[in-house]
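Descriptive structure summary
These are the residues of each chain, in order.
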Amino acid sequence: MKKFIGFVVIFCFLLCCDKPKSLKANTYENQIGDTSFNPNLDNRNFKLCDSTQVLHKRALVKYKGGTKALENDLISQFNYKSKYQSFNGYFFIRFVVNCNDETGRFRMQILDQNFKSTNCPKELEIHILKITKALKNWNHAFYKGKAMDCYRFLIIKMEKGKIIKA
Amino acid sequence: MKIVLLLISFTFCFQTVYGQVNCYIYPENSGERKACELCDEAIKHPQGSKESQLLFDKAIAIGPKFDWAYYQKSVPYFKRGFLIEGLQILNEAIKLNPLEYLCYRAYWYWQYRNYKLCIKDLETYYSMPKAYIQFTPGGEKDMRIILGLAYAKMGDYTKSIKTIKDCFATYKDLDDFGLADYHSLGVIYVKNKQYDEAIKVLKKQLTINKDIVDTYYYLGLANKEKSNKSEAKKQFNNALIKLKDKNRYYNTNAGYNVYESDIQVEIDNLQIH
């Protein structure tokens, strides 16, 4: 009997292991990219106007003066240090622009030139996030005549530790 | 009329890329057939929703060789800044059917400003014997033009010009051209300091679509370099006028974008000198 139970347990275990990865990881948010508040990362003062309706329509969020102004604002705040020089790669930064043009829920990934996850000097990582959070000229999304919260992301490309314009 | 025809053809391309697939081409009760039917269900839900993602997962589990499921599942990740996650999924589709999906990955490499990887995928694609004409997902540009623009972004203007001209050579008549194709070539000519050629193709652009602000700006630049000061001034002013036109054409995937301040700087400089 014990043997039989043991066999059933092992069989069930193998059956679970055999499931494709995607099925095992079915812990999706309601929408891909929905970002919940994380007290360790997020500003407590940042509020969504309507947390039940945060859009995923990045093109609806504008920056005053367009990409050129955005890049200039980033570069004017960027303090280059020689220790950054070895870094070539990308920062992908996702965040929300709420209906009052405020930003929050920042999440960042660092990629190398082959688009693989990588690391950069910690100081550079902190600095890039800080100057991105300091961008103030966002214009929130309007959708169906209504001011909305909306997700947006930025790609910051760096060569030899310096920001490269688009 | 040409523009209307082009728009219709673009709409057709768009629908081809995003439309449903015909599940009946797969044998009844096959994994692919079941996966295909599940994908048809999935795309009825909002893109990126939990419901759609779960159905794609189910489809992949039943028919792991049905490439379209991976492709469709990957789309919202790319659109929302999750490139690594999107690539992990799309790469499965590419393993199964590179001919169909290499251009799509190249497009996202282009969007995410990795021109080296974009070029690598497109060179691989166009070296395939069965490569066919593919467009950006919005249908506005032939991917060979994107390849040309990517070479330009890497600083190789000569290769860029050759690639775009080779693309044009395959078009049978003017109706085959996209609404900003000549513009793209003209911009690269300006970058490569071939101002006569630039003026010629940018003027040709105006016969196809005269609603791109930047066309006038680059015409202005080319004329300025040719010391045609009055013509340059006229074109920069045309650019400013076009900028105020609500019906102007937004050249998606242009690669190079001009702002009002850029135009104003050129006008001011012409007045000083």
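Given the structure is predicted, the values throughout are model-derived calculations rather than measurements. (Residues numbered from 1 in each chain as written. Chains lettered and ligands numbered in written order. Predicted model: local features only at pLDDT ≥ 70, side-chain atom pairs only at ≥ 80, totals over all residues. Heavy atoms only, no water.)

1. Considerations on the overall build of chain B
Check the secondary structure of chain B and you find 14 helices and zero strands. Going residue by residue from the N terminus, the α and β elements of chain B occur as α-α-α-α-α-α-α-α-α-α-α-α-α-α. Partitioning the intrachain contacts of chain B with sequence separation of at least 6 by distance along the chain shows that 57% fall at a separation of at least 24. With the model as given, the accessible surface of chain B reaches about 12900 Å², and the carbon-plus-sulfur share is 54%. (Helix = DSSP H or I, 4+ residues; strand = E, 2+ residues; numbered from the N terminus. Contact = heavy atoms within 4.5 Å. Areas by Shrake-Rupley, 256 points an atom, 1.4 Å probe, with all protein chains shown as cover.)

2. Considering the state of the cysteines
Residues and elements named next belong to chain A. Within the structure shown, the criterion is met by two disulfides over all chains. What pairs with Cys 49 in a disulfide is Cys 99, and their sulfur atoms sit 1.9 Å apart. Note on the Cys 49 and Cys 99 pair: the S-S dihedral is about -90°, so by sign convention the disulfide is left-handed. Placement of the pair is Cys 49 in the loop between helix 2 (21-24) and strand 1 (54-55) and Cys 99 in the loop between strand 3 (89-97) and strand 4 (103-111), with a sequence separation of 50 residues. (Disulfide = S-S within 2.5 Å.)

3. Observations regarding the interface of chain A and chain B
Contact residues are listed per partner, giving 32 residues for chain A and 36 residues for chain B. Summing both partners gives a buried area of about 2800 Å² for chain A against chain B, and 56% of it is carried by carbon and sulfur. On the chain A side of the contact with chain B, Tyr 28, Ile 32 and Phe 115 of chain A bury the most area, a combined 24% of that side's loss. In this assembly, chain A and chain B are joined by one salt bridge. A salt bridge links Lys 68 of chain A to Asp 262 of chain B; the shortest N-O distance between them is 2.5 Å. Summed over the shared surface of chain A and chain B, the number is 18 residue pairs in polar contact (both at pLDDT 80 or more). (Buried area = accessible area lost by both parts, 1.4 Å probe. Salt bridge = Lys/Arg side-chain N within 4 Å of Asp/Glu carboxyl O. Polar contact = N/O pair within 3.5 Å; in protein donor to acceptor, adjacent residues only side chain to side chain.)

4. A few points about helix 9 (residues 157-169) of chain B
All names here are of chain B. Here helix 9 contains 13 residues, and its C-alpha end-to-end distance of 18 Å stays within 8% of the 18 Å for a straight helix at 1.5 Å per residue. Taken residue by residue, helix 9 has Ser 160, Ile 161, Thr 163, Ile 164, Cys 167 and Phe 168 as its buried positions. Along helix 9, the residues classed as buried sweep out an arc of 165° about the axis, all on the same side. Those residues of helix 9 that are exposed and aimed more than 90 degrees away from the buried face are Thr 158, Lys 162 and Ala 169. (Expected span 1.5 Å × (residues − 1). Buried < 20%, exposed > 50% of the residue type's maximum accessible area, 1.4 Å probe, protein only. Arc of directions from axis to C-beta.)

5. A look at the nonpolar core
Generally speaking, a soluble globular protein has its nonpolar side chains buried in company with each other. With 95 residues, the main nonpolar core has Phe 115 of chain A together with Tyr 218 and Ile 263 of chain B as its most contacted residues. Considering every element that reaches this core, the biggest residue donor is helix 6 (residues 98-111) of chain B, with ten residues. Residues from two domains meet in this core; each of domain 1 (2-96) and domain 2 (179-272) of chain B gives at least three. Beyond its immediate chain neighbours, meaning those up to four positions away, Ile 263 of chain B contacts Val 213, Tyr 217, Phe 236, Ala 239, Leu 240, Leu 243 and Val 258 of chain B. Ala 69, Ile 110, Ile 131 and Met 148 of chain A belong to the second-largest nonpolar core, a separate cluster that totals 28 residues. (Core = buried A, V, L, I, M, F, W, Y, C linked by side-chain atoms within 4.5 Å. Domains from an automatic or database assignment.)

6. Some points on the environment of Pro 121 of chain A
Residues and elements named next belong to chain A. As for its placement among the helices and strands, Pro 121 is situated in the loop between strand 4 and helix 4 (122-133). Judged by relative accessible area, which is 24%, Pro 121 ranks as partly exposed. Spatially, the C-alpha atom of Pro 121 lies 7.6 Å from that of Lys 83, the residues being 38 residues apart in sequence. Discounting chain neighbours no more than four positions away, the residues touching Pro 121 are Lys 83 and Tyr 84.

7. Some details on the pairing of strand 3 of chain A
Residues and elements named next belong to chain A. For strand 3, a buried count of nine out of nine residues is recorded, marking the element as mostly surrounded by other parts of the structure. In strand 3, alternate side chains face the same way, and those of Gly 89, Phe 91, Ile 93, Phe 95 and Val 97 on one face and Tyr 90, Phe 92, Arg 94 and Val 96 on the other are all buried. Judged from the nine bridges that link them, strand 3 and strand 7 (residues 146-159) form a sheet pairing that is antiparallel. For Phe 92, the partnering residue across the bridge sits in strand 7 and is Ile 155. Pairing analysis gives seven bridges linking strand 3 to strand 4, with the strands arranged antiparallel. Residue pairing in the sheet places Arg 94 in a bridge with Arg 107 of strand 4. (Pairing = 2+ DSSP bridges.)

8. Focus on the pairing of strand 4 of chain A
Among the nine residues of strand 4 of chain A, eight are classified as buried, and the element is accordingly described as predominantly covered. Where strand 3 of chain A hands over to strand 4 of chain A, the hairpin turn is made up of five residues, of which Asp 101 of chain A adopts a positive phi near 70°.

9. A look at the packing of aromatic side chains
Within the structure shown, the criterion is met by 31 aromatic pairs over all chains. Ring plane angle 55° and centroid distance 5.0 Å describe the contact between Phe 92 of chain A and Tyr 112 of chain B, whose orientation is recorded as tilted. Here Tyr 112 of chain B lies in the loop between helix 6 and helix 7 (115-126) and Phe 92 of chain A lies in strand 3, a pairing that spans two chains. Comparing Phe 92 of chain A with Tyr 112 of chain B shows no difference in burial state: the two are buried. (Phe/Tyr/Trp six-rings, centres within 6.5 Å; stacked < 30°, edge-to-face > 60°.)

10. A few points about unusual backbone geometry
Look at Asp 101 of chain A: it is not a glycine, yet its phi comes out positive at around 70°. As for its position among the elements, Asp 101 of chain A is in the loop between strand 3 and strand 4. If you check the backbone angles, Asn 29 of chain B has positive phi at about 70° while not being a glycine.

11. Looking at the pattern of salt bridges
One pass over the structure, following the stated rule, counts 18 salt bridges over all chains. A salt bridge links Glu 123 of chain A to Lys 81 of chain A, with the nearest nitrogen and oxygen atoms 2.3 Å apart. One end of the pair, Glu 123 of chain A, is in helix 4; the other, Lys 81 of chain A, is in the loop between helix 3 (66-77) and strand 3, and 42 residues separate them in sequence. We classify Lys 81 of chain A as partly exposed; its relative accessible area is 35%. With a shortest N-O distance of 3.0 Å, Asp 57 of chain B and Lys 73 of chain B are connected by a salt bridge.

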